[in-house]
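Here's the letter readout for the chains.
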Amino acid sequence: QVVERHGTKSPTMMHRSSNALWRKATRSFSTIMNVESLPKTSVSKLSNGMRVASEPCAGETVTVGVWVDTGSRYETEENNGVAHFLEHMFFKGTKTRTQSALEMEIENMGGHLNAYTSREQTVFFARVFKKDTGKAMEILADILQNSNFDQDLIDREKSTILREMQEVESQVEEVVFDRLHETAYRGTSLGRTILGPTENINAMNQAMIKDYVETNYTAGRMVVVGAGAIDHNELVKLADTHFGKVPTESKKPVVFEKAVYTGSEIRMRYDDMPDAHIAYALPIGGWTCPDTFPFLVMQHMIGNWDEQLPGGQYSRIPLIQKCAELRMAKKVSSFCTQYSDTGLFGVYCVAEPQALDDLMYNVQFAVTNFAYEVDEVLLEQAKKALIIQHLSMADGCTQVCEEVGRQILSYGRRMHPAEIVARIQAVDSAAIKAAASKYLYDQCHALASIGPTHEMKDYIQMREGTYRLDC
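Residues numbered from 1 in each chain as written. Predicted model: local features only at pLDDT ≥ 70, side-chain atom pairs only at ≥ 80, totals over all residues. Heavy atoms only, no water.

J.: Explain helix α10 (residues 232-243) to me, using residue names and the numbers behind them.
T.: If you check α10, its first and last C-alpha atoms are 16 Å apart, about what twelve residues at 1.5 Å a residue would give, namely 16 Å. For α10, the set of buried residues is His232, Leu235, Leu238, Ala239 and Phe243. Looking straight down α10, one finds its buried side chains confined to an arc of 120°; they lie on one side. Across from the buried face of α10, at angles greater than 90 degrees, the exposed residues are Asn233, Lys237 and Thr241. If you follow the buried residues of α10, they end up packed against β1 (42-45), β2 (51-56), β3 (61-68), α5 (133-145) and β6 (222-228). Capping the start of α10, aspartate 231 holds a side-chain oxygen 3.2 Å from the backbone nitrogen of asparagine 233, two or three residues further along. (Helix = DSSP H or I, 4+ residues; strand = E, 2+ residues; numbered from the N terminus. Expected span 1.5 Å × (residues − 1). Buried < 20%, exposed > 50% of the residue type's maximum accessible area, 1.4 Å probe, protein only. Arc of directions from axis to C-beta. Contact = heavy atoms within 4.5 Å. Polar contact = N/O pair within 3.5 Å; in protein donor to acceptor, adjacent residues only side chain to side chain.)

Below, the structure is given as structure tokens:
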């Protein structure tokens, strides 16, 4: 879930050598696909500062949405949870539409309306037939600007969100990653959960919600995005008609806490659980960091594996091969979670308690070893897998729309797929070693675990694993 970008700033790193990378992509990847035929994104700006972006895709459907540069990171300890609560309230009816009327309109169009909240972005989008693009835009504008934040509706929604919170807390993996953020970013907004604590949900009121909207839903922090069978000029006109009166700036200062990483751990020991769930991570740079692509490649070099997948013992990836052959883990999943100014790179795993000592040794070895040596064959395999992953995002208008919105908020621009491919191909063993030496080698790690973790080494012993390969 994604990224704070500080409005319209365009990171220098992502612009530097873009033309050279494009030429390289055109030369090197004509065998993968016709680079010249890849659609390009058109971007315009309304008079109030709101950006409008569109990218054509094949088909007769359109996905249009609004990407907002706000999320749980823009909350205080007192109103933590308001961004997610607000997302729910936007679907409870407006001054001219009841909730049932809104749902009926979408159903009658055969459309799909959805939204989600992350730590740094909030997204609303609709997928409809081409002929209903204008109607979809009008509905999005209505719910974002004219929603009915009646206190009775707010009070009724509290029970829904509390049930959702219970569902999330029953998913161990979700809880582990929330605890990982809590320990890695102690005392800061990134360490808080998206849903917020129960007491904040119960205390939610109309004034808190309206204040959050007025402060964060401003034109300079919003991007209207369309993908599919859509004309850019038409989208700009629709955006100007429906969003042209959105305030340019907030009258109040925006809450944004600097990310402060703390090497630490949270261990929630429950010996009655059959398996231990562990997330091990080290701090890296944010989305605009020059080492972003080396870390994305490293993520694929560690890979993902589940015991129900056959053939793990034959994998070229050492961690997966050992986990499968020696039954050290039931699940291994690498992750590279980035925000505007920070990120976490690491491994999530599930294992029986007696295997934890060997498992965590091999997990740390896999991460730390990038600073010492790089398997060239595995590197090329990982790069190809990452390229396929990115190119597959062009398969549908909704995926394209999400990529365009996320990138404009993250980078200040849309990165063409050919440039992304070129940046991936430019990653070599020297880039891997340099990034690993800078961010992974001899750094204090963050760890969150739930379950029977008594066989796992303590923090000080594990700390040695970030620079030694024999501990």
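J.: So what about the pattern of salt bridges? Which residues, and what values?
T.: Summed over all chains, the structure comprises 27 salt bridges. With its nearest N and O atoms 2.4 Å apart, the salt bridge here joins glutamate 138 to arginine 97. In this pair, glutamate 138 sits in helix α5 while arginine 97 sits in the loop between α3 (82-89) and α4 (99-109), placing the two residues 41 residues apart along the sequence. For glutamate 138, a relative accessible area of 24% translates into the label partly exposed. Of the charged contacts in the structure, one is a salt bridge between arginine 97 and aspartate 142, with a shortest N-O distance of 2.6 Å. With arginine 97 in the loop between α3 and α4 and aspartate 142 in helix α5, this residue pair connects regions lying 45 residues apart in the sequence. By relative accessible area, which is 5% here, aspartate 142 ends up buried. One connected set of salt bridges, linked through shared partners, spans Arg97, Glu105, Lys135, Glu138 and Asp142. (Salt bridge = Lys/Arg side-chain N within 4 Å of Asp/Glu carboxyl O.)

J.: If you had to explain the sheet that holds β6 to someone new, which residues and values would you point to?
T.: In space, the six strands of this open sheet follow the order β1-β2-β6-β3-β5-β4, with mixed pairing throughout. This sheet does not close on itself; its edge strands, each paired only once, are β1 and β4 (112-117). Sheet twist, expressed as the average angle between the axes of neighbouring strands with direction ignored, equals 15°. Of the pairings in the sheet, the one linking β3 to β6 comprises seven bridges and is antiparallel in character. For valine 62, the partnering residue across the bridge sits in β6 and is glycine 228. Here α10 sits on the sheet and contacts β1, β2, β3 and β6; the angle it forms with β2, its principal contact strand, is near 150°. (Pairing = 2+ DSSP bridges. Axes fitted to C-alpha atoms, helices over the stretch in contact; angles between N-to-C directions.)

J.: I'd like a rundown of the confidence of the model for the chain, residues and numbers included.
T.: In low-pLDDT regions, the fine details of the predicted coordinates are not to be read closely. Summing up the model confidence of the chain, the mean pLDDT is 91 and the portion of residues at 70 or higher is 92%. Across residues 1-31 the pLDDT falls below 50, and counting only partners more than four positions away or on other chains, this stretch makes 84 contacts in the model. (pLDDT = per-residue confidence, 0-100.)

J.: Describe the layout of surface pockets, naming the residues involved and giving the relevant values.
T.: One number sums up the size of the second largest pocket: a volume of about 540 Å³. For the second largest pocket, the lining is made up of 23 residues, of which Gln145, Lys210, Val213, Glu214 and Pro247 are closest to its centre. At the level of secondary structure, the elements contributing two or more residues to the lining of the second largest pocket comprise α5 and α9 (206-216). Grouping the amino acids of the lining of the second largest pocket by side-chain chemistry returns nine nonpolar, seven polar and seven charged. (1 Å grid on protein atoms, 1.4 Å probe; cavity = no way out; pocket = protein on both sides within 12 Å on 5 of 7 lines; lining within 4 Å. Points joined across faces, edges and corners; volume = space filled by probe spheres on them. Nonpolar A, V, L, I, M, F, W, Y, C, P; charged D, E, K, R; others polar.)

J.: Break down the side chain of asparagine 369 for me, with residues and values.
T.: Of note, asparagine 369 is situated in the loop between α13 (356-368) and α14 (376-391). Excluding anything up to four places from it in sequence, asparagine 369 contacts Gln364 and Leu469.

J.: Tell me about the state of the cysteines, and name the residues and values.
T.: The final tally for this structure, using the stated rule, is zero disulfides. Free of any disulfide, cysteine 289 has its nearest neighbouring cysteine sulfur in cysteine 336, separated by 9.6 Å. (Disulfide = S-S within 2.5 Å.)

J.: I'd like to hear about the packing of helix α11 (residues 292-302) against α14, residue by residue, with values.
T.: Closest axis-to-axis distance for the α11/α14 pair is 8 Å, and the angle between their directions is 110°. Comparing their axes, α14 and α11 come out roughly perpendicular. Only Leu378, Leu379, Ala382, Lys383, Ala385, Leu386 and Gln389 of α14 make contact with α11, whose side of the interface consists of Leu296, Val297, His300 and Met301. Split into classes, the residues belonging to the contact of α11 with α14 amount to eight nonpolar, two polar and one charged. (Parallel < 35°, antiparallel > 145°, perpendicular 65-115°, else oblique.)

J.: Tell me about the nonpolar core, and name the residues and values.
T.: Judged by nonpolar contacts, the single largest core of 57 residues is most densely connected at Phe295, Val297, Met298, Phe345, Leu359, Met360 and Leu440. Element by element, the count of residues in this core is highest for α11, at seven residues. Setting aside its immediate chain neighbours within four residues, phenylalanine 295 contacts Ile284, Cys336, Phe345, Ala435, Tyr439 and Leu440. Core analysis: the next-biggest nonpolar cluster, separate from the first, contains 52 residues, Val64, Tyr74, Tyr217 and Val246 among them. (Core = buried A, V, L, I, M, F, W, Y, C linked by side-chain atoms within 4.5 Å.)

J.: Residues and numbers for the packing of α3 against α9, please.
T.: Across the interface, α3 lies against α9 with an axial gap of 10 Å and an inter-helix angle of 95°. Of the possible angle classes, the one that applies to α3 and α9 is roughly perpendicular. Across the interface between the two elements, Val82, Ala83, Phe85, Leu86 and Met89 from α3 touch Met208, Ile209, Tyr212 and Val213 from α9. Considered class by class, the residues forming the contact of α3 with α9 number nine nonpolar, no polar and no charged.

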